[in-house]
Amino acid sequence: MPTFTLHGNLVHFAAFKQHIGFYPTPSGTEHFQAALAPYKGGKGSVRFPLDAPIPYDLITAIVTFRVAENEAKAAAKRRKK
């Protein structure tokens with residue numbers, strides 16, 4: 001499954017017959033719960049149907065959130081050493 005990483009995994013994605021699976025970890029789906037409400041998904045996953053426009057702005061916001069989250073974790077880890 002293709003994965004974008006920065007100080008660990010950021011998001012994963014996969015193509016299916018009827019949708020694109022997007023996996024921004026549970027924190028990504030929890031933080032954007034209201035914006036993701038129109039889409040099916042589970043804890044840590046979202047399904048973007050192929051018969052509807054892909055919400056690129058929402059995906060960008062989620063990835064930006066995950067980058068900040070991973071950067072903060074990495075900085076905390078560096079301070080701990």
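Since we're looking at a predicted model, the values are computed, not measured.

Novice: In this structure, what is going on with the nonpolar core? I would like to understand it.
Specialist: For soluble globular proteins, nonpolar side chains are generally found buried alongside one another. In this structure, Val11, Phe22, Phe32, Leu36, Val46, Phe48, Leu58, Ile59 and Ile62 together form the largest nonpolar core, which totals nine residues. The set of elements that each furnish at least two residues to this core consists of β5 (45-49) and α3 (56-80). Broken down by element, the residue count for this core peaks at three residues, all from α3.

Novice: I would appreciate a short explanation of the environment of Ala76 in the present structure.
Specialist: Here Ala76 shows up in helix α3. A relative accessible area of 35% means that Ala76 is categorised as partly exposed.

Basis of the calculations
Residues numbered from 1 in each chain as written. Predicted model: local features only at pLDDT ≥ 70, side-chain atom pairs only at ≥ 80, totals over all residues. Heavy atoms only, no water. Core = buried A, V, L, I, M, F, W, Y, C linked by side-chain atoms within 4.5 Å. Buried < 20%, exposed > 50% of the residue type's maximum accessible area, 1.4 Å probe, protein only. Helix = DSSP H or I, 4+ residues; strand = E, 2+ residues; numbered from the N terminus.

Just geometry here; none of it tells us what the structure is for.
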